[in-house]
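These are the residues of each chain, in order.
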Amino acid sequence: MRDFAFVNILILGRGKTGSLVADVARQRGHQVNALGTSENPKASALTTAKLVSVDMVIDFTTPRVVLEHIEACCRAGKNIVVGTTGWHGELARIRQMVEKNESGLLYGANFSIGVNLFFDVARGAAAALQHQYFGQIFERHHAQKKDAPSGTALVMQRIVQDASGTELEITSFREGDVVGMHELVLDSPNDTIYLCHDAKSRRGFAEGAVRAAEWLAGKKGFFDFKDVWRQL
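Residues numbered from 1 in each chain as written. Predicted model: local features only at pLDDT ≥ 70, side-chain atom pairs only at ≥ 80, totals over all residues. Heavy atoms only, no water.

With that out of the way, let us pick up the overall build of the protein. Looking only at helices and strands, one finds seven helices and ten strands in the protein. Seen through its principal axes, the protein has C-alpha atoms that stretch 65 × 40 × 35 Å. Per-residue burial for the protein yields a buried fraction of 53% across its 232 residues. By sequence separation, contacts in the protein at least 24 residues apart represent 71% of the contacts at least 6 residues apart. A total accessible area of about 11300 Å² is found for the protein, and carbon and sulfur atoms account for 49% of it. Taken together, the 27 basic and 26 acidic charged side chains of the protein have centroids lying 7 Å from each other. (Helix = DSSP H or I, 4+ residues; strand = E, 2+ residues; numbered from the N terminus. Buried < 20%, exposed > 50% of the residue type's maximum accessible area, 1.4 Å probe, protein only. Contact = heavy atoms within 4.5 Å. Areas by Shrake-Rupley, 256 points an atom, 1.4 Å probe, with all protein chains shown as cover. Lys, Arg positive; Asp, Glu negative; His and termini not counted. Charge placed at Lys NZ, Arg CZ, Asp CG, Glu CD.)

Given below as structure tokens:
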């Protein structure tokens, strides 16, 4: 039995992930519309008047335009789920804007349940760095991905640093149509530990984003997916 109300969702982004988010949302019974970047220059489609019938916005666009989208949704009082990365240096400012406008925003470096479990494993494994292990992070994504390192790799780096006091180097690869692979390698003179999450498809990201939107409906505040995914 579902414990959420069906909502009218606007998807920003018609790329591979955005299109899949739209498909998943429709399969879960929501009303869905989508806008590509060319249909929404400078967030012109995100005015209060144009969003009057929209309950929730989900953004999977690019770092170049996502801040404009977030700011417009805040001004219009519309909740937004943000799957776009590459803007997290603005978190403090955006949090203030969300709180000032009494809107709701949920962002995530990665909306995959598997990746968020992987974060927990990485946090535990970071203890090795206090026992003569040397660590590195590797991440691989498709050639069209705009930001490097990935948001997921940066979260891993921060998790390990918080747990161990050691900041690991991130090596990024952009090649082919790789969905997303993240590795934490811990090496010592005696053995090597390999931790890896390899996404088989984008569907895990899409399902997580839609479930995040269902969770955010009716809520106000500023939320990180890694802190709420267990509640979905």
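Taken as a whole, this structure holds 15 salt bridges when the rule is applied. With a closest N to O distance of 2.7 Å, R93 and E90 form a salt bridge. The structure contains a network of salt bridges with shared partners spanning K16, D177 and R202. (Salt bridge = Lys/Arg side-chain N within 4 Å of Asp/Glu carboxyl O.)

Quick look at the packing of aromatic side chains now. Within this structure, the stated rule accounts for five aromatic pairs. Ring centres 5.5 Å apart and planes at 40° place the aromatic pair Y107 and F222 in the tilted group. Of this pair, Y107 sits in strand β5 (residues 104-107) while F222 is found in strand β10 (residues 221-224), placing the two residues 115 residues apart along the sequence. Between F111 and F225, the aromatic rings sit 4.7 Å apart at their centres with planes inclined by 55°, giving tilted as the arrangement. (Phe/Tyr/Trp six-rings, centres within 6.5 Å; stacked < 30°, edge-to-face > 60°.)

Turning to the nonpolar core, a few remarks are in order. Counting 26 residues, the largest nonpolar core has I11, V21, I58, V81, L106 and F111 as its most contacted members. In terms of residues, this core owes the most to one element, helix α6 (residues 203-216), which gives seven residues. Filtering out sequence-adjacent residues up to four positions away, F111 remains in contact with F60, V81, V82, G83, L106, N116, G204, F205, G208, A209, A212 and F225. Of all hydrophobic cores here, the second largest spans 24 residues; its members include L12, A43, V57 and Y107. (Core = buried A, V, L, I, M, F, W, Y, C linked by side-chain atoms within 4.5 Å.)

Let us now look at unusual backbone geometry. In this structure, the amide linkage connecting A148 to the following residue, P149, adopts the cis form with an omega of 0°. With respect to the helices, strands and loops of the structure, P149 is situated in the loop between β6 (134-141) and α5 (151-164). A positive phi angle is found at K42, which is not glycine, with a value near 55°. For K42, a relative accessible area of 70% corresponds to the exposed category. You will see that A43, though not glycine, has its phi angle at about 60°, which is positive. Relative to the assigned elements, A43 resides in the loop between β2 (31-35) and β3 (56-59).

Consider a sheet: its strands pair through backbone hydrogen bonds, and that pairing is either parallel or antiparallel. Pairing is parallel in the open sheet, where six strands are placed in the order β2-β1-β3-β4-β5-β10. The open sheet has two free edges, formed respectively by β2 and β10, since each of these has just one partner strand. Adjacent strand axes in the sheet meet at a mean angle of 15°, parallel and antiparallel pairs treated alike. For strand β1 (residues 8-12) and β2, the ladder comprises five bridges, and the chain directions are parallel. (Pairing = 2+ DSSP bridges. Axes fitted to C-alpha atoms, helices over the stretch in contact; angles between N-to-C directions.)

A few words now on the side chain of S150. In this fold, S150 is placed in the loop between β6 and α5. A distance of 3.0 Å separates polar atoms of two side chains, one belonging to S150 and the other to H182. Excluding its chain neighbours within four sequence positions, the residues that come into contact with S150 are E139, H141, K145, R174 and H182. (Polar contact = N/O pair within 3.5 Å; in protein donor to acceptor, adjacent residues only side chain to side chain.)

Right, let's get into the side chain of H141. Within the secondary structure layout, H141 lies in strand β6. A distance of 2.7 Å separates polar atoms of two side chains, one belonging to H141 and the other to E139. When near neighbours in sequence (up to four residues on either side) are disregarded, H141 contacts S150, F173, R174, E175, V178, V179, G180 and H182.

Quick look at the pairing of β1 now. Within β1, five of the five residues are buried, which leaves the element mostly enclosed by the surrounding structure. Neither face of β1 is exposed, since N8, L10 and L12 on one face and I9 and I11 on the opposite face are all buried. In the classification by handedness, the crossover that spans β1, the intervening helix α1 (residues 16-27) and the parallel β2 is right-handed. With four bridges connecting them, β1 and β3 associate as parallel partners. Following the sheet pairing, L12 is matched in β3 by D59. (Right-handed = clockwise from strand over helix to strand, strands pointing away.)

On their own, these measurements won't tell you what the molecule is for.
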